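Structural description and commentary
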Amino acid sequence: MKVQHWGIVASLAASCFLAAPAAQASVLERIAAGGKLVLAYRESSVPFSYVDAQTGKPVGYALDLCLRLADVVRKKTGRKDMEVEYVLVTPANRIAMVEEGKADLECGSTTNNAERRQKVAFTIPHFITGARLLVKAASTVDRVEDLQGKKLVSTKGTTPLKAAEQANRERLLGITLVEAPDHAKAVEMVEKGEADAFVMDDVLLYGLAAGRPDPKALKVVGRFMTTEPLAIMLPKNDPEFKKLVDEEMRRLITSRDIYPVYEKWFLKPIPPGNTVLNLPVSYLLRDFWKYPTDQVPF
């Protein structure tokens, strides 16, 4: 009876083993075997990641950094012919795309925070910003309290939207909050008077306003409602890939190779309209880069 019993157990164990799905290959293993590196980009996160209206191609500060990371992936895997594939993501689906393995690096303006780190990983921040308000130039709104009884728009799936919801709830402001599918639509709503203000990372607001037909018709106002360390997103449970990405980001920062990339997008004319954002590296970011780390206190 004992022999028969253990025979049944062994048979069941073998069946379970065969039925279990194979472990998902790491990014580096997949590429070494001939796969592509998939970079996720955004449509209107100027100047981090956006589509150049003249060429129809994705460009931006974060995208340039991702292409530097692609170079070290080529070296590490020995795949000099490694292809890079681009996939468009939105604020609403960007985390899921990385979490589900449909993108290897999300090259945009995503905030590294504790909630998101439960699903994905982040490398060292490439920018630190905060949420403020975009309003019409003639608007008397100067802070979020001035929006009492008015309409405030933000982009679906973003941390500034959550911050606005919390402020509205805790301070009993009576603001009507509206979700836009993307940043470009939110700006358009302010221009058309469909919303009184757009809350978003101030650097994005400056970039979006600069790309509008009449940039002077808009202005950025208010105190920082949040602190946003922006970083490239990557899969959570792939330590070898993350180590490679972190090491290259740290090298770019400590060698100061990141500065010309930064200057290209924040201090020089950028497409499609050759506008200049004129945003030098902030003291906050400069201090953070003295000891670059992927550990952020948020």
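Reading the values: the criteria
Residues numbered from 1 in each chain as written. Predicted model: local features only at pLDDT ≥ 70, side-chain atom pairs only at ≥ 80, totals over all residues. Heavy atoms only, no water. Pairing = 2+ DSSP bridges. Helix = DSSP H or I, 4+ residues; strand = E, 2+ residues; numbered from the N terminus. Buried < 20%, exposed > 50% of the residue type's maximum accessible area, 1.4 Å probe, protein only. Lys, Arg positive; Asp, Glu negative; His and termini not counted. Salt bridge = Lys/Arg side-chain N within 4 Å of Asp/Glu carboxyl O. Polar contact = N/O pair within 3.5 Å; in protein donor to acceptor, adjacent residues only side chain to side chain. Axes fitted to C-alpha atoms, helices over the stretch in contact; angles between N-to-C directions. Parallel < 35°, antiparallel > 145°, perpendicular 65-115°, else oblique. Left-handed = near helix turned anticlockwise from the far one by under 90°. Contact = heavy atoms within 4.5 Å.

With that settled, consider the sheet that holds strand E3 (residues 49–51). The pairing of strands in a sheet happens through backbone hydrogen bonds and is either parallel or antiparallel. Spatially, the three strands line up as an open sheet ordered E2-E3-E4, and their pairing is antiparallel. Sheet topology places strand E2 (44–45) and strand E4 (58–59) at the edges, where each strand pairs with a single neighbour. Relative to E4, E3 is paired through two bridges, and the arrangement is antiparallel. The residue of E4 that forms the bridge with valine 51 is proline 58.

Let's shift gears to the side chain of glutamate 228. Relative to the helices and strands, glutamate 228 is located in strand E14 (residues 228–230). Lacking a salt bridge, the buried glutamate 228 has arginine 116 as its closest oppositely charged neighbour, with an N-O distance of 5.8 Å. Polar contacts involving the side chain of glutamate 228 include one to the side chain of threonine 111, which spans 2.5 Å.

A word on the packing of helix H3 (residues 61–77) against helix H10 (residues 258–266). The interhelical angle for the contact between H3 and H10, taken along N-to-C directions, is 150°, at an axis separation of 9 Å. When the interaxial angle is binned, H3 and H10 end up roughly antiparallel. As H3 runs across H10, the sense of the crossing is right-handed. Facing H3, whose interface residues are Tyr61, Asp64, Leu65 and Arg68, H10 presents Ile258, Val261, Tyr262, Lys264, Trp265 and Phe266.

Just geometry here; none of it tells us what the structure is for.
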